[in-house]
Amino acid sequence: MPVLPMPGFSGEFTLPYNLSLGTAYDLYATYYGYSTTLERAVPVAIENRSTFVLGNLLSFYASYVMNIPALTPSGLRLRFSGGFSVDARLCLIADGLEGADLEDAASQTAQVTSYFWSNARWFFPFTGFGIDFVRLGNTWIGVEGRVWYPLYRTWSGDTAPAAEGWRVAAGLRVSF
């Protein structure tokens, strides 16, 4: 799987007992092709592109924050979250292709789109963990990690390697 930048933002509604409900939106983009041998969409290098995939990852989750005031002068917060994401992939014919390459790309784009939208390959449960360690007024700065699970593999009959479909993210988080 490709390593991609994935900017995003989230909003949370605070509940009692350090709980909250939230939603997040993350965006990524990459090129894919369709392998008839493997019978699935595969990430490809730009020179082998046929499909431009713009991934719109919409997540809904619950989180718990544990405040640990004594470890640093400004305190420390641990965040635990879990929920599900919908990966609404927009699959477009890759730019810059002409002639026979364009015809092949159109065919592959239809197959890539069909693959991603079948068997609920757009549904990903996830868990997350974060540490906020810098506090400036009401703003916290920290790091966060998330793992999305390819649950669709339990019913889709995919024969891809075990690591296929898993997603892991690590990033910087600023909370207001």
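You'll find the structure just up there.
Quick caveat: nothing in here was measured; it's all calculated off a predicted structure.

J.: What exactly am I supposed to notice about a negative patch on the surface here?
T.: Residues Glu 98, Asp 101, Glu 103 and Asp 104 make up a contiguous surface patch of negative charge. The topology assignment puts Asp 104 in helix H1 (residues 99-117). Judged by its relative accessible area of 42%, Asp 104 falls in the partly exposed class.

J.: In this structure, what is going on with H1? I would like to understand it.
T.: Residues separated by three or four positions in an α-helix point in the same direction, a consequence of the helix having 3.6 residues per turn. Helix length check: H1 (19 residues) gives 28 Å between terminal C-alpha atoms against 27 Å at 1.5 Å per residue, within 8%. Elements that come into contact with the buried residues of H1 comprise strand E2 (19-35), strand E3 (40-43), strand E4 (51-68) and strand E5 (76-93). Note on H1: the residue one or two positions beyond its end, Asn 119, has a positive phi of about 55°.

J.: What exactly am I supposed to notice about the pairing of strand E7 (residues 139-148) here?
T.: Regular strands show a simple pattern: their side chains alternate between the two faces of the sheet. Every second residue of E7 is oriented toward a common face, the buried set being Trp 140, Gly 142, Glu 144, Arg 146 and Trp 148 and the non-buried set Thr 139, Ile 141, Val 143, Gly 145 and Val 147. Here 10 bridges tie strand E6 (residues 123-136) to E7, and the two strands are oriented antiparallel to one another. Looking at the pairing, Ile 131 lines up with Val 143 of E7. Connecting E6 to the antiparallel partner E7 that follows it, the hairpin turn spans 2 residues, and Gly 137 within it adopts a positive phi of roughly 65°. Pairing geometry for E7 and strand E8 (residues 167-175), over 9 bridges, is antiparallel.

J.: Can you help me understand the side chain of Gln 108 in this one?
T.: You can see Gln 108 is positioned in helix H1. Residue contacts for Gln 108: discarding those within four places in its chain leaves Gly 33, Tyr 34, Ser 50 and Thr 51.

What counts and what doesn't
- Residues numbered from 1 in each chain as written.
- Predicted model: local features only at pLDDT ≥ 70, side-chain atom pairs only at ≥ 80, totals over all residues.
- Heavy atoms only, no water.
- Patch = residues over 30% accessible without salt bridge, like charges linked within 9 Å, V, L, I, M, F, W, Y side chains within 5 Å.
- Areas by Shrake-Rupley, 256 points an atom, 1.4 Å probe, with all protein chains shown as cover.
- Salt bridge = Lys/Arg side-chain N within 4 Å of Asp/Glu carboxyl O.
- Lys, Arg positive; Asp, Glu negative; His and termini not counted.
- Charge placed at Lys NZ, Arg CZ, Asp CG, Glu CD.
- Helix = DSSP H or I, 4+ residues; strand = E, 2+ residues; numbered from the N terminus.
- Buried < 20%, exposed > 50% of the residue type's maximum accessible area, 1.4 Å probe, protein only.
- Expected span 1.5 Å × (residues − 1).
- Contact = heavy atoms within 4.5 Å.
- Pairing = 2+ DSSP bridges.

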